[in-house]
Amino acid sequence: MKISVIPLAAGADKEVKIKSFISRTLSNNTSFEIIETIPEKGLAGDKIFLFAIVTGGTESKFREIFQRFSPPYILIFNEYNNSLPAAIEILSFLRKN
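We now turn to the structure provided with this report. (Residues numbered from 1 in each chain as written. Predicted model: local features only at pLDDT ≥ 70, side-chain atom pairs only at ≥ 80, totals over all residues. Heavy atoms only, no water.)

For the protein, the count of helices and strands is three helices and four strands. When its helices and strands are written in sequence order, the protein yields β-α-β-β-α-β-α. Counting over 97 residues, the protein shows a buried share of 36%. Put simply, 79% of the contacts in the protein that link residues at least 6 apart link residues at least 24 apart. If you sum the accessible surface of the protein, you get close to 6100 Å²; carbon and sulfur atoms cover 51% of it. (Helix = DSSP H or I, 4+ residues; strand = E, 2+ residues; numbered from the N terminus. Buried < 20%, exposed > 50% of the residue type's maximum accessible area, 1.4 Å probe, protein only. Contact = heavy atoms within 4.5 Å. Areas by Shrake-Rupley, 256 points an atom, 1.4 Å probe, with all protein chains shown as cover.)

Given below as structure tokens:
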């Protein structure tokens, strides 16, 4: 089974940060499928989705899209670009809702 990764990043150079995040965090793993365009209705089926919190400032983007996907909501982050604080804010949002 492929695991779909939904990268969330903010800022002008977000594409560069996404590529860097993927190379550092998910390097050389062919089990991952990167979702570059988030569909309007989400993706159904028996897929597993990981939300890659690439940068800070992604909390509002996550709130816009999370209902398009079925739980569980699995977040991955790294130590760069305020990824961890953004993931913590998203986790807090999920716990409240």
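A separate point is the pairing of strand 3 (residues 48-53). The side chains of a regular strand alternate between both faces of the sheet. Within strand 3, five of the six residues are buried, leaving the element largely enclosed by the surrounding structure. The sheet contact formed by strand 3 and strand 4 (residues 74-76) spans three bridges and is parallel. Bridging from a neighbouring strand, A52 pairs with I76 of strand 4. In this fold, strand 3 hands off to helix 2 (residues 59-65), which returns the chain to strand 4; that crossover is right-handed. (Pairing = 2+ DSSP bridges. Right-handed = clockwise from strand over helix to strand, strands pointing away.)

Taking 1.5 Å of rise per residue, the 14 residues of helix 3 (residues 83-96) would be expected to cover 20 Å, and the 20 Å separating its terminal C-alpha atoms lies within 8% of that figure. Residues of helix 3 that are buried in the fold lie against helix 1 (14-25), strand 3, helix 2 and strand 4. (Expected span 1.5 Å × (residues − 1).)

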